[in-house]
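Each chain, letter by letter, is given below.
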Amino acid sequence: MTKTPQTLTIAGSDSGGGAGIQADLKTFQELDVYGTSVITAVTAQNTMGVSAIYPMSAQAVHMQLEAVASDFELTALKTGMLFNSEIIKEVATAIHKFDWKNVVVDPVMIAKGGADLLQQEAVDAVKTHLLPLALLVTPNIPEAEALTGIPITDVSSRQHAAEKILSLGAKSVVIKGGHAMDRDYAEDYFLQADGESFVYRAARISTKQTHGTGCTFAAAVTAELAKGQQLKDAIFTAKQFIQAALSEPLNIGQGYGPTNHAAYKARIVEKREAHKIEVFY
């Protein structure tokens, strides 16, 4: 009997349910993989913002990692909000120890409402300990700027920032385009260590229902990698997944509402109404 692919998310808990661990597990479920989790922090938040963050101790993170590793056969994992350098080091140590592959690093730094989700001193720990282990890094534009110190204002600076991230040891990077100024399209730029690059372009959707988009995108890539998909195909599916999630909003909450994780299966898998995603090499 074929085993269900098993995945892991290492991230923070979102009490509003739209981002973090909750978004990741919803995405895994929708894409037919089994999700395990290691919680790095508990946040008190909703669609209007983060009111408190309670980080786990490094020991608590360590014990969760050991528990998952001792019983599950992981074929891919993602990291999200890691909060501080001690937690980052624990995660990196576990990835080395258990020889986990298909590591997707979503360098979560700032919440939609503006709260810092990664301590400043931890940025260096991400670059030193985590990026060298990543098959893929999935920053948005502000996160890519924070990792590289390069203001991203055009195609050239975007490429320069991607090259800088790869120089830190990651095998590939996709810089998400949701924060770009283009009013018509959202472009995600992919660059691989061997020099291969391409752009995923989709129509920009004007909506405030965007809470958890970054977590969801990275989780979708992780799920597809766990099932054995090639990286560029996994990213394509993740782009389809997030377009569907944004296109059919739930309109929940008074601020930045959560995306609709069920929309991909309902629209694309069952109805076969795929969004137009263009790929430029």
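Naming follows an unreviewed UniProt entry, where the chain appears as Hydroxymethylpyrimidine/phosphomethylpyrimidine kinase of Planococcus faecalis.

> What's the story with the environment of Ala 125 in this structure? I'm lost.
Secondary-structure assignment places Ala 125 in helix α4 (residues 120–130). The spatial distance from the C-alpha of Ala 125 to the C-alpha of Ile 88 is 6.6 Å, given a sequence separation of 37 residues. Non-local contacts of Ala 125, meaning those with residues more than four positions away in its chain, are made with Ser 85, Ile 88 and Leu 130.

> Explanation requested: the nonpolar core in the structure shown.
Among soluble globular proteins, nonpolar side chains are generally buried collectively. The biggest cluster of nonpolar side chains holds 45 residues, and the ones touching the most others in it are Val 91 and Trp 100. What Val 91 contacts, discounting residues up to four positions off in sequence, is Ile 10, Val 61, Leu 65, Thr 79, Leu 82 and Leu 130. One finds Ala 76, Val 104, Phe 241 and Ile 277 within the second-largest nonpolar core, a separate group that totals 30 residues.

> I'm lost on the environment of Phe 217 in this one. Help?
For Phe 217, the position within the fold is in helix α7 (residues 213–226). A relative accessible area of 2% means that Phe 217 is categorised as buried. Remark: the alpha-carbon pair of Phe 217 and Gln 29, spanning 188 residues in sequence, is separated by 14 Å. For Phe 217, the residues in contact, after removing those within four places along its chain, are Thr 138, Val 174, Lys 176, Asp 188, Ile 235, Ala 238, Lys 239 and Ile 242.

> What's the story with the side chain of Gln 243 in this structure? I'm lost.
Summarising the element assignment, Gln 243 is placed in helix α8 (residues 231–247). Its relative accessible area of 7% is what places Gln 243 among the buried residues. The residues touching Gln 243, leaving out its near neighbours within four places in the chain, are Ala 202, Ala 203, Ile 205, His 275 and Ile 277.

Reading the values: rules and limits
- Residues numbered from 1 in each chain as written.
- Predicted model: local features only at pLDDT ≥ 70, side-chain atom pairs only at ≥ 80, totals over all residues.
- Heavy atoms only, no water.
- Helix = DSSP H or I, 4+ residues; strand = E, 2+ residues; numbered from the N terminus.
- Contact = heavy atoms within 4.5 Å.
- Core = buried A, V, L, I, M, F, W, Y, C linked by side-chain atoms within 4.5 Å.
- Buried < 20%, exposed > 50% of the residue type's maximum accessible area, 1.4 Å probe, protein only.

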